[in-house]
Every structure is written in structure tokens, then in C-alpha cells.
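Descriptive structure summary
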Amino acid sequence: MNEMTSSVIRARNPRTGQVDYTCPAFPASGLDALIAGLRAAQPGWVTAGIDGRATVLRAFCTALAARREDLLDALLADTGRLHESRIEADAAGVWVDRWVEVAPRSLDTLPRDTGLAGITGTAGFRPYPVVGVIGPWNFPLALGLMDAIPALVAGCAVILKPSEVTPRFVDVLQAALDEVPALAAIFRVVRGDGALGAAIVDQVDMVCFTGSTRTGRLVARRAAERFIPCFTELGGKDPALVLEGADIDRATSALATGATLGAGQQCYSIERIYVPRSLHDGFVAQLAAKVARLRPNWPDPAQGHIGPITFLPQAEILRRHLDDAIERGARIVTGGAIETHGGGLWCQPTVLTDVDHSMLIMREESFGPFLPVMAYDSLDEAVALANDSHYGLSAAVFGPEEAAQAVARRLDAGGVSINDAGLAPLFIGSPLVPEKTAFNHSGLGGSRTGADSIRRFVRKQAILSNPATGPSPWWFSL
């Protein structure tokens, strides 16, 4: 298990179970000077303009790409996964290009005629000087850069604190930053535990947090006390609804992936499935047959499908959810065990039936490769079950397009994929998709998707000008 003293982080390798990495923890006492330096450098970063910032960020992406193999090795040691780490390692350049493309339109400051007495209105966008980004352990690189990159494009300085559970990749990230001094001056990465994260919230002008709902509440309260914006992406218990007329082969393939990618350690993993009673048995048989073919990525991380449990305490949550479901009458169709390979723990992808909402596995976030399937008798019942949750991050609907669209509009979820699962993360910064917000306890604040979501990182001014030489229509007659 990962440990941390006041000065040292000790990290466990999820593939071996061994604590095999140490690094210095950044002292909270050093934050004053670090953030003062970011504040001093940030006005120059704004002056560089979008094109100037793009040049610097692309240089950083080039430096990071030159270290791709080292980055993959570090992410593999941090998370135990290779396939997903490749996706993470290649995302930065794509996101820089997308945000640079959409920023000029999203942050357009051209004057406009208000239509009132010749008065013109101009939008003023003032970036928050210093943005704090606090990242999670499940996708440590991507979920840090997902917020840091648009903030930097918008003109903010950024301090990023990744999870102390997955600290290794920072060595490679920092080496790339060191090659680009113009970026290193306004983008700092520090390693530490929750106390350091709390100290960051106390000093920045805006905070972005990705992690558990429990910790997200603490971050939001601390930010509220300081009257600073707080954007959180938190837990999920994403439902999938299968409708009459759905392509069952397509649905079972999408759900087998959507519930197990990243070993289910994703906030937008599918964690509960609702199927018409008439389709239930055939659907479960087909889903279980596909899930049973998924294999752990052991001993070769380049082979297999399922990575290890990255954060050791998560194994106990998975065991507790399975035990509770079985005690309450659930039946395991395939999977159901946590295996040990080479000192690491792997959770078998697990399909369950005879589940209901009295079970933890249908109500609490499992964060593992579980696919509980519940039959329903009417569409209204299915929608009610899907919405019977404290969460509301995302969802999926499988069925004829018109019917699926209608159901999607009834779901309490920020992003809904139709005839697929987990589409929203593919379009971070894309001008092609609308923004979304999390519902219920799955988050607070604006979206990471959609072209205009870069506006999270700027304060908005309305600059009104009266160029007329005569009196204003608002003046008293004097």
C-alpha cells in the first residue's frame, strides 16, 4: 500500500504488490513562493496571446512525445495498464490542437452593436491568474492534463497535484517541462497528499478536482469559503438501458467494454444494466459469453484485457459489494473472484443477475469490472430505476434511434451515449459536441466537453461603450 511521510512518498506497484518507488513530497510551506512565482509570470503568458501560447504548448507536446516510452513505463508502473496508458500518453497533443482551434471563437472579443442608441458591447475575458488542478489515481496523466491544457490555452497559470498513489509519471512530465522554460514558468507539478491539495485550494483563484464524491465535498466547501470557482468531476454509478428493438450483439459488445475498460476503474464505467424482461435471459447469456473471454493482462501487460486493481484499498470495496450482493440473493453468471498474480490483485470481470436496488452493487460506486443486470417490465420503470441514484455522471441507451433519444432526455445524467458507451471522454475540447454538466452528486460546475467549456477558466466582463457625441439617453436633463 502507498505510504507518505511528511517528506517522502512511497508508491506501490499494482502489478507486483511491492513498494518500489520513492520520491520527495513537496512541502506545503513552499507553496507561498511557488504560487507567487506563478502569479508574477501569468501576465506575460496572457500577453503572448493564443498563438504564442499554442507555440509553447506544442513544444511541450513534442518534448513529451520524445519521451513516450519512458512515459509508458512510468504509467504502467503507476497503474498496471498498458493499453489505457498508450491512450493517455497520446492525448496531450490532440487536446492542445483542439483547444487552440476553438479558443479564438470561444473567447471572441469583437465589439457588437447592442441595438440601443449606438452603444456597443465588447466581451472581456480575463483568465483566472492561478488555477489549481488536483488529479486522481485512475488516469493520472490524462485527468490532470484534461483541465490543465485548456486553462493554459485560456491564459491561466496552473499548479497540478496528481494523486500520491500514482506519482511516477511526474518524473517524465517534469523532464519535458524542463525543456520548455516558457511553460515551466507558468505550469508547475507538485507531488503530495490530501493536505497539500487542501493547501493549494487555499491559495489558488480557481480549482478543478477529479476524484471521489467524499473528497469532492471537502474541496467544494473549502473553495466556497474562499469564494473561488470550483469544478469537480466525481463518482458515478452509470446506468445502461437496453430497449425493445435494440441490437443485442452491439449492446453486449459495447457494455462488455464500457464496464471493464481500465478494469472498471473509471468514473464513467457502466455499473448497472437494465434489460426488458423478455430479452433478459438471452441478453445475459450473450453478455456473459463475451465477458468470460476477457483475460487479465498478466504476465505480459501487452496481452489480455484487464489491468490490476491500481489502489489496494479498492479491493476491499469490490469484495464488500460482491459479498453483499450474494448474501441478498444475486447470482454470479461469470467471474466473481479477485485473483492474485505476481503479488498484484486482478478482479475478474463479473456478470450478475437477480439483483435489485437493496444491494450495494446497484447503489454505491464499485469502481471495478462489475456488470449487474436487472430485468424491467415497463419503460417508465426502467427510467425510474436508472434515475434512482445519488449519482448522475453519464449513462447509455441502446435501441432504435428515436426511442433511445426520447429515453436519453428523461435520464438524470450529464452525458448520454446512444448505442455505445462512454463516448463523452473521446470528445474533450471538441467543437463538435455540446457541453454537459454532471447531475446530482457526480460533480459541480461546467463541462470538459464542448468548445465553449474553455470559458470555465476566464472571468467574463461586459465592456459597454457610448461613442455618441450627444447626451446619453440615460442622463437626466441637466
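Residues numbered from 1 in each chain as written. Predicted model: local features only at pLDDT ≥ 70, side-chain atom pairs only at ≥ 80, totals over all residues. Heavy atoms only, no water.

**Considering the packing of aromatic side chains**
Threshold: Here a pair means two rings of Phe, Tyr or Trp (six-membered ring of Trp) with centres within 6.5 Å. Their orientation is stacked below 30 degrees between planes, edge-to-face above 60, and tilted elsewhere. Secondary structure is summarised from DSSP: a helix means a run of H or I of at least four residues, a strand means a run of E of at least two, and numbering begins at the N terminus for each. The rule is simple: take the accessible area with a 1.4 Å probe, protein chains only, and divide by the maximum for that residue type; under 20% is buried, over 50% is exposed, in between is partly exposed. A ring has a charge above it when a Lys NZ or an Arg CZ is no more than 6 Å from the ring centre and no more than 35 degrees off the ring normal.
With the rule as written, the count across this model stands at three aromatic pairs. Note on Trp137 and Phe367: the rings are 5.5 Å apart at their centroids and 85° apart in plane angle, and the pair reads as edge-to-face. Within this pair, whereas Trp137 is found in the loop between β6 (130-134) and α5 (142-154), its partner Phe367 is found in the loop between α13 (360-363) and β17 (370-376), the two being separated by 230 residues in sequence. Judged on exposure class, the residue Trp137 and its partner Phe367 are both buried. Feature note: the residues Trp137, Phe311 and Phe367 constitute an aromatic cluster, connected by ring pairs. Here Arg81 stacks its cationic end above the ring of Phe139, 4.5 Å away from the centre of that ring. Directly above the aromatic system of Phe231 lies the positively charged group of Arg456, at a separation of 5.6 Å from the ring centroid.

**Let's talk about empty space enclosed by the protein**
How we decide: With a 1 Å grid spanning the protein atoms alone, the term cavity applies to any set of points in which a 1.4 Å probe fits but cannot get out, the term pocket to an open set with protein on both sides within 12 Å along at least five of seven lines, and the term lining residue to any residue with an atom within 4 Å of a point. Grid points are joined across faces, edges and corners, and a volume is the space filled by probe spheres set on the points. Residue polarity follows a fixed list, in which Ala, Val, Leu, Ile, Met, Phe, Trp, Tyr, Cys and Pro are nonpolar, Asp, Glu, Lys and Arg are charged, and the others, Gly among them, are polar.
Tallied over the full model, the rule gives three cavities of 30 Å³ or more. Where the lining of the largest cavity is concerned, the elements lending two or more residues are β9 (206-210), β10 (230-233) and β20 (443-444). Per-element accounting of the lining of the largest cavity gives the leading share, three residues, to β10. Of the residues assigned to the lining of the largest cavity, the class counts are five nonpolar, seven polar and five charged. Within this model, the second largest cavity holds a volume of roughly 50 Å³.

**As for the sheet that holds strand β18 (residues 394-398)**
Strand-to-strand pairing in sheets goes through backbone hydrogen bonds, with the strands running parallel or antiparallel. The cut-off we apply is this: Think of it this way: DSSP has to see at least two bridges between two strands before they count as a pair. Angles shown run from 0 to 180 degrees and are taken between the N-to-C directions of axes, each axis being a line fitted to C-alpha atoms and, for helices, limited to the stretch in contact. Here a residue-residue contact requires only that any non-hydrogen atoms of the pair lie within 4.5 Å.
Taken together, the seven strands give an open sheet; going across it, the order is β13-β16-β17-β12-β11-β18-β19, and neighbouring strands pair in mixed fashion. In this open sheet, the two edge strands, each paired with only one partner strand, are β13 (331-334) and β19 (415-418). The sheet shows a mean angle of 25° between the axes of neighbouring strands, direction not considered. Where helix α11 (residues 280-291) meets the sheet, it contacts β11 (238-242), β12 (270-276), β13, β16 (350-353) and β17, and its direction lies at approximately 170° from that of β17.

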